[in-house]
2 protein chains.
Amino acid sequence: MALIVQKFGGTSVGSVERIEQVADKVAGFRDRGHDIVVVVSAMSGETNRLIDLAQQIQDQPVPREMDVLVSTGEQVTTALLAMALQKRGKAAKSYNGSQVRILTDDAHTKARIREIDDARLHADLDAGNVVVVAGFQGVDEHGNITTLGRGGSDTTAVALAAALKADECQIYTDVDGVYTTDPRVVDGAKRLDKITFEEMLEMASMGSKVLQIRAVEFAGKYNVPLRVLHSFQDGPGTLISLEEEEDPMETPTIAGIAFNRDEAKLTILGVPDMPGVAFKILGPIGQANIEVDVIVQNVAEDNSTDFTFTVSRSELARGEAILKQIATELGAREVRSDSRIAKISVVGVGMRSHAGVASQMFEALADVGINIQMITTSEIKISVIIEEKFLELAVRALHSSFGLDAEPQEESAA
Amino acid sequence: MALIVQKFGGTSVGSVERIEQVADKVAGFRDRGHDIVVVVSAMSGETNRLIDLAQQIQDQPVPREMDVLVSTGEQVTTALLAMALQKRGKAAKSYNGSQVRILTDDAHTKARIREIDDARLHADLDAGNVVVVAGFQGVDEHGNITTLGRGGSDTTAVALAAALKADECQIYTDVDGVYTTDPRVVDGAKRLDKITFEEMLEMASMGSKVLQIRAVEFAGKYNVPLRVLHSFQDGPGTLISLEEEEDPMETPTIAGIAFNRDEAKLTILGVPDMPGVAFKILGPIGQANIEVDVIVQNVAEDNSTDFTFTVSRSELARGEAILKQIATELGAREVRSDSRIAKISVVGVGMRSHAGVASQMFEALADVGINIQMITTSEIKISVIIEEKFLELAVRALHSSFGLDAEPQEESAA
């Protein structure tokens, strides 16, 4: 008998038939004696339908009213799932964010959760109900409806699990777990039984769409065990939890190979090497709300230096225009841009205690003739920027070099 | 400068284009300096779409969850209308029933309003906002979402007008006012400038779909002046208010001719004439939740009497089955049913002080050869049941007899 929070996304509740399937799954957990809180998203397509209605009226509708509008999507799903559970003889009650109440700040369309009142939910669970909660939404201290932004339902689930001190937070999705890398790129990609919060964060930030970064951060902060599972297939999924010390021999050095094709590179050449130059370059970029990922500054020669950073491809043109203005102001020599790059990362908490991960990575890439353009490292990750056309080749070489490939019979099944 | 509550139904907000038109109208009132509270229904078709989703899951979903589901429809409209007003430079804020808060009892899907907190709305109005409120919904004392049942948006508007002490409650609809009778039946039907609450109640209860009965009752109880207007045409509409004494000479004796084709007649013949027999007949009918309208009991002869009543046609079969069982128990002679009837009423507060309305009505019907099957009377109404095929003939005869026909040039325009 455990208390489990389960989250089903838009595709998993995309039709009445799928809501019925979700109800079967939830009812199965109830039959095994567990207390269940279910967090649901809007039926797939519904949020876009609502946004489209708003945009027929205004390009930039007032955020407060956008939240009033789109929050109805999840509310519809909660009612339908509660009905489907009641049809199966399971007592169930739906809640929207305001009813729970999930108190947030007042940053409409991107609010952050401040506090969750768990009194009503505990009372309902004690009375034998499945509690069905609308994901993605909350309420500010003045009673205005807020939303947490896209993907916020994962965050709702984790925050509820933390508040209720749940034994596990299960995120149901369209994959059966977290993989060592994208199975579409490497046939032998393996499902991981376990991964740490830190590793998952690095994998997620590299474009792995299984979980929202915010939800993983939240889970790590409050130590909520997260499990990624397939909505409509049985299986153990992948458990995301704190690093476990008890079995260090079996801890793999490397958890997986993550990658991202969505970045572009901006370089400013011949910048005078003086204090504050990095701020002079990145300050205006940040003010323009352009997010910067990898930043590399070379060692200065002849009192001038080169400065390179990556941004999202969709921001490249804007970033380049700003950078050219900065170059003029600083008297820099040249600005270069390149959108044909990819970022690849080797991720694993094990690398903290294992020397040689970096050299093994660089050797594996050299062996297949791939040139490395930029390198950054963190405690549990080494990332390189390479030419985009070599991406698949690089991922396969690294996946194999770090011993992540599955057994041969699985390889042939692809 | 007045405080006006305006209600727009589902057809009036049935598309983004229509919501924009409503926003134009509301903005026009703001420009003339009025404070405006707008009550909206769900976009036409939306409530049925939601009910259909629910019924794919369960024939009889739990009422609490039905309310959670369908209340989203109005919430969507409030957000879209607020956006459309903001686009026109008018400050606007949307509210759902729970936010206002419109406190109701806990009778889900047919809740009754207990209390309205007007503090937030007054503050928003004082700050220059148009306040847009979701009709049809409220919240019980435990925070559960409730709905007032179909047509409840009219009731929301009137209740808000009463709570806010509004100068007028305007109900926008697809007709330009209340008519002396149905213009589809009588070419010369006239729009009334004024009608009293009592008259409107009698007209509405006879199937005139312009306003919900509950809303008129509510308006009468709290003396909220109600005005029926066309959503997309200009015009004065019809003002529904307390009986005015100042100009008795011009008060017409009769306000209008109402009718209803939706009733059927059940007769039980040869019932023993003894105390309690009416209860023995109507008790089981009421317990089966069948609503009874006209009830007539003839004077007893030979210790036995005949008892006739009308029910909704859709309930005729059920009512007849129950009545046959009662007939057996009471030793009555026979049960007869007839669904080919119509009910016609002459309505007017003026008849209180004018003798001869009944005889004029019966004479007008006799002149065109129509037989009267049943008669009931109230303070301001005389109703007769006739054969359905004579309905149009009867309405025209009465409309003309009581001098309600419009001037000739309007008659020829039909």
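Treat the numbers as computed from the prediction; the structure is a model and nothing was measured.

Rules and cut-offs
Residues numbered from 1 in each chain as written. Chains lettered and ligands numbered in written order. Predicted model: local features only at pLDDT ≥ 70, side-chain atom pairs only at ≥ 80, totals over all residues. Heavy atoms only, no water. Contact = heavy atoms within 4.5 Å. Buried area = accessible area lost by both parts, 1.4 Å probe. Salt bridge = Lys/Arg side-chain N within 4 Å of Asp/Glu carboxyl O. Polar contact = N/O pair within 3.5 Å; in protein donor to acceptor, adjacent residues only side chain to side chain. Helix = DSSP H or I, 4+ residues; strand = E, 2+ residues; numbered from the N terminus. Nonpolar A, V, L, I, M, F, W, Y, C, P; charged D, E, K, R; others polar. Pairing = 2+ DSSP bridges. Axes fitted to C-alpha atoms, helices over the stretch in contact; angles between N-to-C directions. Least-squares fit on C-alpha atoms with pLDDT ≥ 70 in both. 1 Å grid on protein atoms, 1.4 Å probe; cavity = no way out; pocket = protein on both sides within 12 Å on 5 of 7 lines; lining within 4 Å. Points joined across faces, edges and corners; volume = space filled by probe spheres on them.

Colleague: Just to check I follow, could you spell out the interface of chain B and chain A for this structure?
Modeller: You'll often see interface size given as the accessible area lost when the parts meet. Contact with chain B, which involves 42 residues of that partner, is made by 43 residues of chain A. Of the roughly 3300 Å² buried between chain B and chain A on both sides combined, carbon and sulfur atoms contribute 59%. Glu-46 of chain A is the partner of Arg-49 of chain B in a salt bridge, and the nearest nitrogen-oxygen pair spans 3.6 Å. The interface formed by chain B and chain A holds 16 residue pairs in polar contact (both at pLDDT 80 or more) in total. Of all the elements in the fold, those that place two or more residues in the side of chain B that touches chain A are helix H1 (16–31), helix H2 (46–57), helix H3 (63–87) and strand E3 (92–95) of chain B. Per-element accounting of the side of chain B that touches chain A gives the leading share, 17 residues, to H3 of chain B. Along the lines of polarity and charge, the residues of the side of chain B that touches chain A split into 20 nonpolar, 13 polar and 9 charged.

Colleague: I keep staring at the sheet that holds strand E10 (residues 194–196) of chain A and nothing clicks. Help me out?
Modeller: Whenever strands of a sheet pair, they do so through backbone hydrogen bonds, lying parallel or antiparallel. Residue and element names in this part refer to chain A. One open sheet holds the 8 strands; their spatial order is E3-E6-E2-E1-E9-E11-E12-E10, and the pairing between them is mixed. Edge strands, defined here as strands with exactly one partner in the open sheet, are strand E3 (92–95) and E10. Here the strands of the sheet are splayed against their neighbours by 20 degrees on average, with no regard to which way each runs.

Colleague: Looking at this structure, how should I read the relation of the copies chain B and chain A?
Modeller: These two copies of the chain differ by a rotation about an axis and a displacement along the same axis. Of the transformation placing chain B onto chain A, the axial shift is 0.0 Å and the rotation is 180 degrees, giving an RMSD of 0.1 Å. Here the symmetry operator amounts to a two-fold rotation axis. Closest to the rotation axis within chain B is the C-alpha of Thr-72 of chain B, separated from it by 2.7 Å. Looking at chain B, 100% of its interface residues are interface residues in chain A too, so the copies touch through the same face.

Colleague: What exactly am I supposed to notice about empty space enclosed by the protein here?
Modeller: Gaps between atoms show up when a probe of the same size as a water molecule is rolled over them. Inspection of the entire model under this criterion finds 2 cavities of 30 Å³ or more. Its boundaries defined by the atoms lining it, the largest cavity holds a volume of some 100 Å³. Together, 15 residues line the largest cavity, and Asn-96 of chain A together with Gln-75, Asn-96, Ser-98 and Ile-145 of chain B are the ones closest to its centre. Secondary structure elements with two or more residues in the lining of the largest cavity: helix H4 (97–100) of chain A together with H3, helix H4 (97–100) and strand E7 (137–139) of chain B.

By themselves, these figures tell us nothing about what the structure is for.
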